[in-house]
Amino acid sequence: MKDNHQAAAARLLEAYASGRPCEPVRDLIDGVDDAYAVQNLVTERWLAQRRRPAGRKIGLTSVAAQRRFGAASPDSGVLFADMAVPDGAEIPAGTLLRPLVEAEVAIVLERDLTYERHTVADVIRATAFALPAIEIADSRIRDWDLTFTDTVADNASAGRYVLGTRPVPLRDADLRMAGMVIERRGEQVSTGIGANCLGHPLHTVVWLADTLVGSGQPLRAGDTVLTGALGPVVPAEAGDVFEARIDGLGDVRVAFAGHEGPALEEEA
Ligand SMILES: C[C@H](O)CC(=O)C(=O)O
């Protein structure tokens, strides 16, 4: 393994450990393959610490997001079970650096996806159910000063995720036309639609399944996949309370500690 990959991984791990953002790692990385090599190094460290992988997040799934990062494809990062926040729970202050909230379709697999190339039908057959989800993206890199290689190396800027609790079979939801609304304490702050995700959220899963087989780490039964943001991301501040609703899937909520009002559970 190249020394500069190790240096990039060490920089990111130090940011996690210290809770202080680091400088970008692009000076240590030469292209997207190198960036995934750094992501893998960090992931290996976490696996050695016995963190349990729970699936993947897909990022940069809209034309606007890809344009902003100069990317020609989405990217992906690893979800760990300890990143999951219960629906309606509060994220303690000081545990994230600069969180951004996104509403997404999550799917949970009941079969492995191990073909060299997958179709949407393969993904549908492998999916147990869909859930509404909030992804809380975060960056270990100062001020979100990111290029594509920075975010890939930094686990696709994964932070936390919240899953709704009512599983919906794919046959019962039109994920392409599903409208999405995020509200912050009742005020609408982001809207979108399933078609924003490469035309359909399941298209992003096809991309992920093919890509992960190519890298020897296929999606497995039991994995949760966050399929990508359905609309613009929203910066989260201490005290914010968010609710995301996705047509056909239902709603999911999260709060950020530090506010003066009553906690989410007390409001209900
Ligand atoms: C920079 C992040 O990967 C954004 C993200 O999570 C997404 O596009 O989705």
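Our subject in this report is the structure included herewith. Model, not experiment: these values are computed from the prediction.

For the rest of this paragraph, the subject is the overall build of the chain. Within the chain, the regular secondary structure consists of seven helices and 13 strands. For the chain, the C-alpha radius of gyration of 18 Å lies close to 18 Å, the compact-globule estimate for 268 residues. By its C-alpha atoms, the chain is 50 × 45 × 35 Å across when sized along the principal axes. When burial is assessed residue by residue, the chain has 53% of its 268 residues classed as buried. The contacts in the chain between residues at least 6 apart in sequence include a share of 73% that link residues at least 24 apart. Roughly 12100 Å² of accessible area belongs to the chain as shown, and the carbon and sulfur atoms make up 48% of that amount. Once the 27 positive and 39 negative side-chain charges of the chain are each reduced to a mean point, those two points are 3 Å apart.

It is worth spelling out the pairing of strand β5 (residues 100-109) at this point. Counting buried positions along β5 gives ten out of ten residues, so the element sits mostly inside the fold. Alternating positions in β5 separate into two faces, L100, E102, E104, A106 and V108 on one and V101, A103, V105, I107 and L109 on the other, with burial throughout. For β5 and strand β6 (residues 127-137), the ladder comprises ten bridges, and the chain directions are antiparallel. Directly across from E104, in β6, lies its bridge partner A133. In the sheet, β5 pairs with strand β11 (residues 234-235) via two bridges, with the strands oriented antiparallel. Bridging across to β11, L100 finds its partner in P235. As paired strands, β5 and strand β10 (residues 224-229) are joined by four bridges and run antiparallel to one another. Paired with A106 across the strands is L226, a residue of β10.

What follows deals with the side chain of E102. With respect to the element layout, E102 can be found in strand β5. It is K57 that comes nearest to the buried, bridge-free E102 among opposite-charge side chains, at 5.2 Å. Once you skip the residues sitting within four places of it in the chain, E102 turns out to touch A133, I134, E135, A137, I182, A229 and V233.

So, about the layout of surface pockets. In this structure, the largest pocket encloses a volume near 490 Å³. Taken together, 26 residues form the lining of the largest pocket, with L60, A65, F69, E102 and V233 sitting closest to its centre. Taken together, the elements giving at least two residues each to the lining of the largest pocket come down to β1 (53-59), α3 (63-69), β5 and β10. Among the elements that make up the lining of the largest pocket, the one with the highest residue count is α3 (four residues).

With that out of the way, let us pick up the site of the ligand. What surrounds the ligand is a group of 13 residues, the closest being K57, L60, E102, E135 and A156. Separating an oxygen atom of the ligand from a side-chain N or O atom of K57 is a distance of 2.6 Å. A distance of 2.8 Å separates an oxygen atom of the ligand from a polar atom in the backbone of L60. Contact with the protein chains covers 93% of the free accessible surface of the ligand, which is 270 Å². Comparing atom positions with the cavity grids shows the ligand to sit within the largest pocket. Breaking the shell around the ligand down by element, the ones donating at least two residues are β1 and β5. The residue makeup of the shell around the ligand, split by class, is six nonpolar, three polar and four charged.

Conventions adopted
- Residues numbered from 1 in each chain as written.
- Predicted model: local features only at pLDDT ≥ 70, side-chain atom pairs only at ≥ 80, totals over all residues.
- Heavy atoms only, no water.
- Helix = DSSP H or I, 4+ residues; strand = E, 2+ residues; numbered from the N terminus.
- Rg over C-alpha atoms; globule rule 2.2 N^0.38 Å.
- Buried < 20%, exposed > 50% of the residue type's maximum accessible area, 1.4 Å probe, protein only.
- Contact = heavy atoms within 4.5 Å.
- Areas by Shrake-Rupley, 256 points an atom, 1.4 Å probe, with all protein chains shown as cover.
- Lys, Arg positive; Asp, Glu negative; His and termini not counted.
- Charge placed at Lys NZ, Arg CZ, Asp CG, Glu CD.
- Pairing = 2+ DSSP bridges.
- Salt bridge = Lys/Arg side-chain N within 4 Å of Asp/Glu carboxyl O.
- 1 Å grid on protein atoms, 1.4 Å probe; cavity = no way out; pocket = protein on both sides within 12 Å on 5 of 7 lines; lining within 4 Å.
- Points joined across faces, edges and corners; volume = space filled by probe spheres on them.
- Near = heavy atom within 4 Å.
- Polar contact = N/O pair within 3.5 Å; in protein donor to acceptor, adjacent residues only side chain to side chain.
- Sits in = over half its atoms within 2 Å of the grid points.
- Nonpolar A, V, L, I, M, F, W, Y, C, P; charged D, E, K, R; others polar.

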